[in-house]
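# Structural overview
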Amino acid sequence: MLIIKDLHANVEGKEILRGINLTINAGEVHAIMGPNGSGKSTLANVLAGNTNYEVTKGEVTFFGKNLLEMSADVRAKEGLFLSFQYPVEIPGVSMINFLKTAVNESRKYHQLKELSAGDFLKVMREKKEMVQIDSQLTNRSVNEGFSGGEKKKNEIFQMAMLEPKLAILDETDSGLDIDALRIVANGVNLLKRPENATIVVTHYQRLLDYIVPDFVHVLYKGQIVKSAGKELVLELEEKGYDWIKKELGE
Amino acid sequence: MDNQNTLINEVTDRDYRFGFVTDIETDSIPKGLSEEVVRIISAKKDEPEFMLEFRLKAYRKWLTMKMPDWAQLKIPEIDYQDIIYYAAPRQQAKYESLDEVDPELLSTFAKLGIPLEEQKMLAGVAVDAVMDSVSVKTTFKENLAELGIIFCSFSEAVKHHPDLVQKYLGMVVPPNDNFYAALNCAVFSDGSFVYIPKGVRCPMELSTYFRINAKNTGQFERTLIIADNDSYVSYLEGCTAPMRDENQLHAAVVEIIALDRAEVKYSTVQNWYPGNKEGIGGIYNFVTKRGLCKGESSKIYWNQVETGSAITWKYPSCILAGDNSVAEFNSVALTNNYQQADTGTKMIHLGKNTKSTIVSKGISAGHSSNSYRGLVRVAAKAENARNYSQCDSLLLGEHCGAHTFPYIEVGNQNSIVEHEATTSKIGEDQIFYCNQRGISTQDAIGMIVNGYAREVINKLPMEFAVEAQKLLQISLEGSVG
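### A word on the packing of aromatic side chains
Any pair of aromatic rings gets described here by the distance separating the centres and the angle formed by the planes. All names here are of chain B. Taken as a whole, this structure holds 20 aromatic pairs over all chains when the rule is applied. A connected cluster of aromatic rings, assembled from ring pairs, spans Tyr59, Trp62, Trp70, Tyr80, Phe179, Tyr180, Tyr284, Phe286, Trp313 and Tyr315. Arg55 extends its terminal NZ or CZ atom over the ring of Phe188, reaching a point 4.4 Å from the ring centre. Cation over ring: Arg222 sits above Phe188, and NZ or CZ is 5.6 Å from the ring centre.

### Some remarks on the interface of chain B and chain A
With 19 residues of chain B at the interface, the matching set in chain A holds 33 residues. Taken over both partners, the interface formed by chain B and chain A buries close to 2100 Å², and the fraction arising from carbon and sulfur atoms is 61%. Looking at the side of chain B facing chain A, the largest losses of area belong to Phe432(B), Tyr433(B) and Arg437(B), adding up to 36% of the total buried there. Joining chain B to chain A, the criterion identifies one salt bridge. The shortest N-O distance in the salt bridge between Glu155(A) and Arg437(B) comes to 2.6 Å. Counting across the chain B and chain A interface gives eleven residue pairs in polar contact (both at pLDDT 80 or more).

### Observations concerning empty space enclosed by the protein
All names here are of chain B. For the coordinates displayed, the defined rule picks out five cavities of 30 Å³ or more. When its volume is computed, the largest cavity comes out at roughly 80 Å³. Contributing to the lining of the largest cavity are 14 residues, with Ser360, Gly362, Asn370, Ser371 and Tyr372 lying nearest its centre. Listing elements by their share of the lining of the largest cavity, those giving two or more residues are strand 17 (326-335), strand 19 (355-364), strand 20 (369-378), strand 21 (386-395) and strand 22 (401-410). Tallied by class, residues from the lining of the largest cavity come to three nonpolar, nine polar and two charged.

### Structural notes on the sheet that holds strand 2 (residues 14-24) of chain A
All names here are of chain A. The four strands lie next to each other as 2-1-4-5, forming an open sheet whose pairing is antiparallel. Either end of the sheet is taken by a strand with one partner, and the two such strands are strand 2 and strand 5 (65-66). Both strand 4 (residues 53-62) and strand 5 contribute to a ladder of two bridges, which runs antiparallel. Pairing of Phe62 across the sheet is with Lys65, part of strand 5. Relative to strand 1 (residues 2-11), helix 1 (residues 40-48) is tilted by about 110°, and along the sheet it contacts strand 1, strand 2 and strand 4.

### Topic: the environment of Glu114(A)
All names here are of chain A. Within the secondary structure, Glu114 sits in the loop between helix 3 (95-109) and helix 4 (117-131). The partly exposed category is assigned to Glu114, whose relative accessible area is 43%. In this structure the C-alpha to C-alpha distance between Glu114 and Leu162, which are 48 residues apart in sequence, comes to 13 Å. Once residues lying within four places of it in the same chain are set aside, the contact partners of Glu114 are Asn104, Arg107 and Lys108.

### A closer look at the state of the cysteines
Residues and elements named next belong to chain B. Considering all chains together, one arrives at zero disulfides over all chains under this definition. Just so you know, Cys152 is unpaired, no disulfide at all, and the nearest cysteine sulfur is the one on Cys202, 13 Å from it. Between Cys293, a cysteine without a disulfide, and Cys318, which holds the nearest cysteine sulfur, the sulfur-to-sulfur distance is 5.2 Å.

### Remarks on the pattern of salt bridges
Side chains bearing opposite charge may pair, as long as their charged atoms lie close to each other. Summed over the entire model, instances satisfying the criterion amount to 30 salt bridges over all chains. Asp6(A) serves as the salt-bridge partner of Lys57(A), at 3.3 Å between the closest nitrogen and oxygen. With Lys57(A) in strand 4 and Asp6(A) in strand 1, this pair connects stretches of sequence that are 51 residues apart. By relative accessible area, Asp6(A) is classed as partly exposed at 28%. The network of salt bridges with shared partners includes Glu35(B), Arg39(B) and Arg60(B).

### What to know about the environment of Gln219(B)
Residues and elements named next belong to chain B. Examined against the element boundaries, Gln219 turns out to sit in the loop between strand 7 (205-211) and strand 8 (222-227). Overall, the relative accessible area of 1% leaves Gln219 in the buried class. Separated by 3.1 Å, the side chains of Gln219 and Glu221 make a polar contact.

### Some thoughts on the sheet that holds strand 10 (residues 197-202) of chain A
Strands in a sheet are paired, the pairing made by backbone hydrogen bonds, and the direction either parallel or antiparallel. All names here are of chain A. Ordered by their spatial adjacency, six strands build an open sheet running 6-9-10-3-11-12, and the pairing between neighbours is mixed. Taken across any chain shown, the strands that pair with only one partner, and hence form the sheet edges, are strand 6 (80-83) and strand 12 (223-228). Neighbour-to-neighbour, the strand axes of the sheet open up by a mean angle of 20°, direction not taken into account. Across five bridges, strand 3 (residues 29-33) lies against strand 10 in parallel orientation. Pairing of Met33 across the sheet is with Thr202, part of strand 10.

### Quick notes on the packing of helix 2 (residues 35-44) of chain B against helix 3 (residues 49-63) of chain B
Residues and elements named next belong to chain B. Relative to each other, helix 2 and helix 3 sit at 155°, their axes nearing to 10 Å. Compared by their axis directions, helix 2 and helix 3 come out roughly antiparallel. Between helix 2 and helix 3 the crossing geometry is right-handed. Residues Glu35, Val38, Arg39, Ile41 and Ser42 of helix 2 form the contact with helix 3, whose own contacting residues are Leu52, Arg55, Leu56, Tyr59 and Arg60. The class makeup of the residues in the contact of helix 2 with helix 3 is five nonpolar, one polar and four charged.

### A word on helix 9 (residues 428-436) of chain B
Of all nine residues that make up helix 9 of chain B, eight are buried, and the element is covered over most of its length. Just past helix 9 of chain B, the residue Gly438(B) takes up positive phi, approximately 95°.

### What to know about unusual backbone geometry
Backbone geometry at Asp6(A) places phi at a positive 50°, although glycine is not the residue there. Positive phi is not limited to glycine here, since Phe63(A) has a value of about 50°.

### Some details on the pairing of strand 4 of chain A
Residues and elements named next belong to chain A. Bridge analysis of strand 1 against strand 4 gives eight bridges, and the strand direction is antiparallel. Following the sheet pairing, Ile4 is matched in strand 4 by Val60. Here strand 4 hands over to strand 5 after two residues, with Phe63 in that stretch at a positive phi of 50°.

The rules we used
Residues numbered from 1 in each chain as written. Chains lettered and ligands numbered in written order. Predicted model: local features only at pLDDT ≥ 70, side-chain atom pairs only at ≥ 80, totals over all residues. Heavy atoms only, no water. Phe/Tyr/Trp six-rings, centres within 6.5 Å; stacked < 30°, edge-to-face > 60°. Lys NZ or Arg CZ within 6 Å of the ring centre and 35° of its normal. Contact = heavy atoms within 4.5 Å. Buried area = accessible area lost by both parts, 1.4 Å probe. Salt bridge = Lys/Arg side-chain N within 4 Å of Asp/Glu carboxyl O. Polar contact = N/O pair within 3.5 Å; in protein donor to acceptor, adjacent residues only side chain to side chain. 1 Å grid on protein atoms, 1.4 Å probe; cavity = no way out; pocket = protein on both sides within 12 Å on 5 of 7 lines; lining within 4 Å. Points joined across faces, edges and corners; volume = space filled by probe spheres on them. Helix = DSSP H or I, 4+ residues; strand = E, 2+ residues; numbered from the N terminus. Nonpolar A, V, L, I, M, F, W, Y, C, P; charged D, E, K, R; others polar. Pairing = 2+ DSSP bridges. Axes fitted to C-alpha atoms, helices over the stretch in contact; angles between N-to-C directions. Buried < 20%, exposed > 50% of the residue type's maximum accessible area, 1.4 Å probe, protein only. Disulfide = S-S within 2.5 Å. Parallel < 35°, antiparallel > 145°, perpendicular 65-115°, else oblique. Left-handed = near helix turned anticlockwise from the far one by under 90°.

Have a look at this one:
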């Protein structure tokens, strides 16, 4: 569904991604690991269409369409979801209003009928149970005053509501205690479908104990320097990222 | 940053929705202002002597006054001799039924979303429609009269209730109050008049809709609301004007008097033509609005959503004279393109245990300038007075400005005055977050701004709140991406 070819991207004039190649098929879970500053979050943001990141070279297709030509909201409506590392607060805008708009914008885009308030609330109740999010959170403003854990759970809840084809989880485990981590991971696993795919961007292995990847890629200095199966997670855990650096002759 | 600049530099493409002109015969007098003109206006309105005296006194005072220059506004020179001071849709002496009203006029108000046919009215709103200074039609007048409520045009009030007019006119805003108020006192042509008798709770929202249509005219309307002991009324005011390249002056005066335990809620959605993207044209909105909590435990609430006008100079204020009286000012002021607004309030505490609250939300986009100016004064005798002020500014883009000028004067030891202020920028990260959920940038801005203003919008009556939300969104359309 997603094919990335020789992707280069800059942040504030500095090249962060330096030739990424990656293919993701339906039903797969890919983990992207790497030391701090290797470009993991940049890749997640570039794919989601954050305009602070400038693509300088390469191409990305999403279900055969040129992803880089789409604006961020169109990418989302095409089924790409980013779980933010730092979810943003929007004071005064209720979660319900926010999500209802998001869901219905997407439905309109796919020429589906908008959900009525009643239907929307029904779906919301189901998904809330699925991801075990506190019922009160959806009555509050978007992420306002949420704890770190609540924000991350809220991301997974939104993912459940929007049912993306490709979910990118950007450091979703950061700032989570072990219970919250389990809940979040459980939510992600429940949402897995044969026709969907997930990219888990993480620094540590612990989230991958719960969301088991089919493929693991190590990102270093803006390039994927190693790809393997899930056993790579353990190897990295054991030997650390220095091992990769040594292998690369640094 | 660059991205945000390019996004925000693309300023409003959407046309002002109410910019049409109605082709209607107008009865107007020549341009210019003189004692003679004041006399003509008074004569045209067939006014009693006391009104002419009131006008002449105001006019003579006005001659000695200067335009105020303390506001954070750049006001081009105004030639007061180049304005038509009286323009009225040519009409029969008085409409007995809607059938007699010019269909063009009716369709104008229908286009504005204000049908005057009573059967089509939204339940529970009585409307007084004022076009070019003259009240066209007041709906539900008879129903209200059964309760003793007077809701009519100012001219009719002068004719039928001269005692009330004479007693209260100028009580809160005297003719010598300020330059624009004096001008209004001299030349005002019409407006709305409300009297709620003792113990009566007005069962419907009263609403006045102001429309400027004629060219080169100034609009000077006058609203007087009197709430007698233990009464309640909620009053709404809306306004629009055609798109024109030249500026037009609007200098209104609103006076509210709340007697013992009376409660008045005054809500405005101000949407005068703001001028075009380059800042050409638009209304100069120089308005004096003031309420007097005259009686003990009386309450006055000002709620305003300001999105229109090229220049706004407006400070709906309250004098808390009665002991235990309460006043609130809740405001959202949005400026885009080259609009300028200097708006805020004055809370003058005179009575004991008086309480006032100010919530002001400024939103600036484009090259606009948006200032909050507020005075909280607690007199020595106003023991245990309380004020809480909150002034927030939201900036969109790099070229707009927001200013806050709070003045606080406390004359005793046991009063408490609190002031909080914040300035924030609409975050690119907020917009991206919305985008990532499939919400377009335009919708995201509308959503974020409405969220920011929600506290105030929630204070508006239901239908007004919906209109205000849409208006905030429309006024910013094109301001980003």
